[in-house]
Amino acid sequence: MEVSAYTKENEQRYLPLHLALMTKQINPLVVLSMLKAAPFTAGVPTPRGDMPIHLATKAQLKPEIIKTILAADLPIELGSNKGNASMGVIVHREHGNSWWHVAVDMRSKYIDVVTSLLTDYATYVQVVALARSVGPDKKTVTIDAVSPPLKDAFRNLLRFYYRYEISTLKMPICSNETQSFPAFDHGEDLEKLKVTGPWLKSGFTKIKENPLQTIATEQGREIMYVPWVPDEMEITLRCYAFEEHFKAEKTLREKHNISSEYVESLISYHNDSNYVNISFSTGKMLCISFERNDGTLGELLISNANIRSEAGWLLSCQSMLNDMARSLSHLHENGLVHGCLDTNTFAKFGDKWKMLEVGKSTAMGSAMGGYVHKYVPPESLSGVTANTHTAALSSQKRTSSRSNTRVGRKSTSSIKGGLGNFPPLHNLKDKSEKKKYGVFSFGLKDLGLGNFGAKKGKGKSDSSLLSGNSMDSSIASMKKSESNVTDEVSARVIAMQEDEIARLRKALEEKELIYRRQLAEERATYKRLEVERQREIQNKVATKKSKTSLPRYAPEKLMASALWDLWSYGTIMAEIMIGKSPLLPCSADKDEEFLMKLSKFDDVQLAAICEEVKEVAGPLAADLVGRLLNPKPQQRISSIDKVLQHRYFHEEVIEPKKINGRGRASKVTVTVSKYATNKRNRRSLSRKKH
């Protein structure tokens, strides 16, 4: 049966699914067949506003039907691509709040349905996303409103590798290469015993081998369950899509003596080639636990849209950027280039900012690599430059314009395809001798009129007008055969012939006029269509050229150097101060748009960015941003140590003074370094001397 049969409404505008759910003792197979054929109908309300899930729970249908309707109307898509190394992505979709109804409104009644559905189809990321989804009021988070038993069910669903519990306090940070979760570590004993058996409803537990206590049997061992402590060990759990990054996270730290004072501390790592979980469809689990951070820079900027207008923000920026620069300096001093810096690779640990994901680093002098991201420098692109690309597009437009003009000026006979089917328009050399009517061409003599229409000479009779080839001979024979015809009869005959000729001439002229109009219209239409066709061909060629000339991300052509990280650091600094300005290439939503913006980045855009930074954070910050974001790498500031020596880190902080909404800079009496203190002391001494 076609899908249209399941989407056809009756006179009361009820769908077949609505009618089936309202029917008492309906066969569950009928409902399941409808949902299988048209699953989207599970998100369509009745004319009264009742969702199908409401009808199903009201009729107390079987859990299998509730599960199928719920799966069809979730706020996100479930599942992961087979063979994909990642742990699943979040794809939002339109829904009718069926998830909220089952998880919150129905309390614990359908806890088995929720557990079964998420166990079978949801990845860890998607379970957290459902727990963090908001209700119909667009404010309340699901995990904060569910019943205690369902909260326990979520904790069990988020068990990871025996000992870990992924937290629902915030969403994980996901990329093509890694996914980071806030989590709790409940001890290596759980991992050693590989406990997967029943858990207490109160949540996670810790295992102790103690035969003297009340015991439960688990894999042949005598163990005891004790309630878990939520804040026992908070960690960050990071899973890797590629084994090389997973191994590099440990080996690079050991080989290059990377200190945990500047980068996040590593606690433990796990490599399992046969880990059965939908989140790892390849069966390979690569995971490392790190010390828990208080939040990344990216999370901080997203969580508070007005943070840049808060008092003391610029002072925080200076301290933050100083810590970030020192972490980067430590990495460069040990011969590594991070290469993947962004706002999520710096996080706050207590009162200090550290660097994350150093396993992605590249040894200086080696070829760069990795995926494209929004903080790579312009020299990483291969293909046309910004100016060349613009010139190419302009040239294409000019060529197209000239070509279109030439096509417009061509005669219709020279246009491709020709107009040979149309008759040519002849020039009439002797209008009195030859007339053209439509497709016929004939002379007056052919009509037997001779010199009809010529001026009459003096003394000449009207009969001389009839001198001609055929008509003259005809009239002469008539005179010979009928000699008794009077001149009056002859004049009458001539008058009749003149009237007939005039009528024919008028009719032929009208036909010729109509034909000429039709011919002109056909030629104009053909010419217009031909011009449009030529323009379309040229536009396709220009579009194809522009697509093939798009800049390509080619990091392998560059050797790893500090200049790469300095550009990324400068972009982060500018974003911290002015936000996602359209002038910054990182503001692009798609990779193609980002590559185009980055390829066109020049000194003009840099000057505009510096002006924005100057208005917000002062001239020193603008000067440093200008040195870091120079599109020419040879003119960029050469090392992170020179960045730390810049006056921006050794002068008093400038905060915008807000009076009537206007921003004017006024100094905040905060000294950020000994350099600034000594400078003021020298100034005061010089005043006393004078």
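The rules we used
- Residues numbered from 1 in each chain as written.
- Predicted model: local features only at pLDDT ≥ 70, side-chain atom pairs only at ≥ 80, totals over all residues.
- Heavy atoms only, no water.
- Helix = DSSP H or I, 4+ residues; strand = E, 2+ residues; numbered from the N terminus.
- Buried < 20%, exposed > 50% of the residue type's maximum accessible area, 1.4 Å probe, protein only.
- Contact = heavy atoms within 4.5 Å.
- Areas by Shrake-Rupley, 256 points an atom, 1.4 Å probe, with all protein chains shown as cover.
- pLDDT = per-residue confidence, 0-100.
- Axes fitted to C-alpha atoms, helices over the stretch in contact; angles between N-to-C directions.
- Parallel < 35°, antiparallel > 145°, perpendicular 65-115°, else oblique.
- Left-handed = near helix turned anticlockwise from the far one by under 90°.
- Nonpolar A, V, L, I, M, F, W, Y, C, P; charged D, E, K, R; others polar.
- Salt bridge = Lys/Arg side-chain N within 4 Å of Asp/Glu carboxyl O.
- Core = buried A, V, L, I, M, F, W, Y, C linked by side-chain atoms within 4.5 Å.
- Phe/Tyr/Trp six-rings, centres within 6.5 Å; stacked < 30°, edge-to-face > 60°.
- Lys NZ or Arg CZ within 6 Å of the ring centre and 35° of its normal.
- Pairing = 2+ DSSP bridges.

Peer 1: I keep staring at the overall build of the protein chain and nothing clicks. Help me out?
Peer 2: Scanning the protein chain from N- to C-terminus turns up 23 helices and 20 strands. Looking at the protein chain residue by residue over its 690 residues, the buried ones come to 42%. Look at the contacts in the protein chain between residues 6 or more apart in sequence, and 70% of them connect residues 24 or more apart. Working note: accessible area of the protein chain is about 38400 Å², and carbon and sulfur atoms make up 52% of it.

Peer 1: In this structure, what is going on with the confidence of the model for the protein chain? I would like to understand it.
Peer 2: Any segment with low pLDDT has predicted coordinates that should not be analysed in fine detail. With 71% of its residues at a pLDDT of 70 or more, the protein chain has an overall mean of 77. Throughout residues 455-468 the model reports pLDDT below 50, and contacts reaching past four residues in sequence, or to other chains, amount to 11 contacts. Within the model, the stretch residues 658-690 combines pLDDT values under 50 with 38 contacts to residues more than four positions away or in other chains.

Peer 1: I keep staring at the packing of helix H20 (residues 603-617) against helix H21 (residues 619-628) and nothing clicks. Help me out?
Peer 2: The relative placement of two packed helices is expressed as an angle between their axes plus a distance between the axes. In the contact formed by H20 and H21, the axes pass within 7 Å of each other and the chain directions differ by 150°. The angle between H20 and H21 falls in the class roughly antiparallel. Crossing of H20 against H21: the hand is right-handed. On the side of H20, the interface is formed by Leu606, Ile609, Cys610, Val613, Lys614 and Ala617, while H21 contributes Pro619, Ala621, Ala622, Val625 and Gly626. Taken together, the residues that form the contact of H20 with H21 break down as 9 nonpolar, 1 polar and 1 charged.

Peer 1: Looking at this structure, I do not really get the pattern of salt bridges. What am I missing?
Peer 2: Once their charged atoms are close, side chains differing in charge can pair, the charge on each being opposite to the other. Counted under the stated rule, the structure contains 24 salt bridges. In this structure, the salt-bridge partner of lysine 67 is aspartate 120, at a minimum N-O distance of 3.0 Å. Here lysine 67 is found in helix H5 (residues 63-72), whereas its partner aspartate 120 is found in helix H7 (residues 111-121), with 53 residues between them in sequence. Among the charged side chains, a network of salt bridges with common partners joins Glu177, Glu357 and Lys360.

Peer 1: Explain the nonpolar core to me, please; I cannot follow it from the model alone.
Peer 2: Considering soluble globular proteins, one finds that nonpolar side chains tend to be buried as a cluster. Counting 66 residues, the largest nonpolar core has Leu321, Tyr569, Met573, Met577, Val613, Val643 and Tyr648 as the members making the most contacts within it. Every residue in contact with valine 613, bar those within four places of it in the chain, is listed here: Met577, Ile578, Gly618, Ala621, Ala622 and Val625.

Peer 1: For this particular structure, what's the right way to read the packing of aromatic side chains?
Peer 2: In the structure shown here, the tally under the stated rule is 9 aromatic pairs. With centroids separated by 5.2 Å and ring planes inclined at 50°, the aromatic side chains of tyrosine 161 and tyrosine 162 adopt a geometry described as tilted. Here a set of aromatic residues connected by ring pairs shows up, and it is made of Tyr124, Phe160 and Tyr164. Directly above the ring of phenylalanine 290 sits arginine 238, whose terminal nitrogen or CZ lies 4.6 Å from the centroid. The lysine or arginine in question, lysine 354, covers the ring of phenylalanine 349, its NZ or CZ lying 5.3 Å from the ring centre.

Peer 1: Mind showing me how you'd approach the pairing of strand S8 (residues 234-240) here?
Peer 2: Regular strands place side chains that alternate from one sheet face to the opposite one. Buried residues dominate S8, accounting for 6 of its 7 residues. Sheet topology note: the strand S4 (residues 178-185)/S8 ladder contains 7 bridges and is antiparallel. Looking at S8, one finds that serine 180 is bridged to arginine 238. Relative to strand S10 (residues 285-291), S8 is paired through 5 bridges, and the arrangement is antiparallel. What sits directly across from leucine 237, in S10, is serine 289.

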